[in-house]
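Examination of the molecular architecture
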Amino acid sequence: MNSIGNLGGFASPYAVGALNDATGDDRVGLLLLGAALSITAVATFLYGRRTGAGRPPEDRMASAPPSDIPEPVQTQGGRA
């Protein structure tokens, strides 16, 4: 993850500069950065919903199949 951020920090100034030189407009490079930010924000949101990230652990256990939930151990006093 960190290496991808480092690559973006290395390549994006060159891409923005190339777009500025090619078009003569500073807004085009900034639009590229804004589009990349928007795409990664949506992808992160969708990935979090798919994996259940951010939910407390007990909610994940409640939605798990019954075979994955361990049975409580009974002691002689009847309490777990």
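In this report, we go over the structure that sits alongside the text. None of these values were measured; they are calculated from a predicted model. Sequence order sets the numbering: in each chain, residues are counted from 1 along the sequence as written. pLDDT decides what is reported in this predicted model: residues at 70 or higher carry local features, side-chain atom pairs at 80 or more are listed and counted, and totals for whole chains, interfaces and linings draw on all residues regardless. As a rule here, side-chain values come from all non-hydrogen atoms in the structure, and water together with hydrogens is ignored.

1. Quick notes on the overall build of the chain
For clarity, the cut-off: Elements are defined by DSSP. Helices are runs of H or I of four residues or more, strands are runs of E of two residues or more, and each kind is numbered from the N terminus. For every residue, the accessible area (1.4 Å probe, protein chains only) is compared with the maximum for its type, and the residue is labelled buried under 20%, exposed over 50%, or partly exposed between those bounds. The Shrake-Rupley method, run with a 1.4 Å probe sphere, supplies the accessible areas, and residue values consider only the shown protein chains as cover.
Helix and strand counts for the chain come out as 3 helices and 0 strands. If you list the helices and strands of the chain from N to C, you get α-α-α. The buried share of the chain, taken over its 80 residues, is 6%. In the form shown here, the chain has an accessible surface area of approximately 6,900 Å², with 64% of it arising from carbon and sulfur atoms.

2. What to know about the packing of helix H1 (residues 2–23) against helix H2 (residues 26–51)
Rules: Note on geometry: axes are lines fitted to C-alpha atoms, helical ones only across the stretch in contact, with angles between N-to-C directions running from 0 to 180 degrees. We call a crossing left-handed when the near helix sits turned anticlockwise from the far one by less than a right angle, and right-handed when that turn is clockwise. Every residue pair with non-hydrogen atoms within 4.5 Å of one another is taken to be in contact. Three classes are used, and their members are as follows: Ala, Val, Leu, Ile, Met, Phe, Trp, Tyr, Cys and Pro are nonpolar, Asp, Glu, Lys and Arg are charged, and the others, Gly among them, are polar.
Running from N to C, H1 and H2 point in directions that differ by 145°, and their axes come no closer than 7 Å. As H1 runs across H2, the sense of the crossing is right-handed. Between H1 and H2, the residues in contact are Ser12, Ala15, Val16, Leu19, Asn20 and Thr23 and Asp26, Val28, Gly29, Leu32 and Leu33, respectively. Class assignment of the residues belonging to the contact of H1 with H2 gives a composition of 6 nonpolar, 4 polar and 1 charged.

3. Topic: the pattern of salt bridges
Selection rule: Definition used for salt bridges: Asp or Glu carboxyl oxygen within 4 Å of a side-chain nitrogen of Lys or Arg.
Using the criterion set out here, one finds 1 salt bridge in the structure. With a shortest N-O distance of 3.3 Å, Asp25 and Arg27 are connected by a salt bridge. Using a relative accessible area of 59% as the deciding quantity, one classes Arg27 as exposed.

4. Observations concerning H1
Note the cut-off: One less than the residue count of a helix, multiplied by 1.5 Å, gives the span that helix is expected to have. Here the bend at each residue means the angle between axes fitted to two seven-residue stretches, the one ending at that residue and the one beginning there.
Look at H1: 31 Å from first C-alpha to last across 22 residues, which is about the 32 Å you get at 1.5 Å a residue. The largest bend along H1 measures about 30° and falls at Ala11, with the proline Pro13 one to four residues further on.

5. Describing a nonpolar patch on the surface
This is how it is decided: For patch detection, residues must exceed 30% relative accessible area and be free of salt bridges, and they are connected within 9 Å for like charges or within 5 Å for nonpolar side chains (Val, Leu, Ile, Met, Phe, Trp, Tyr).
Taken together, the side chains of Val42, Phe45 and Leu46 define a hydrophobic patch exposed on the protein surface, amounting to about 310 Å² of accessible area. One can find Phe45 in helix H2. Judged by its relative accessible area of 52%, Phe45 falls in the exposed class.

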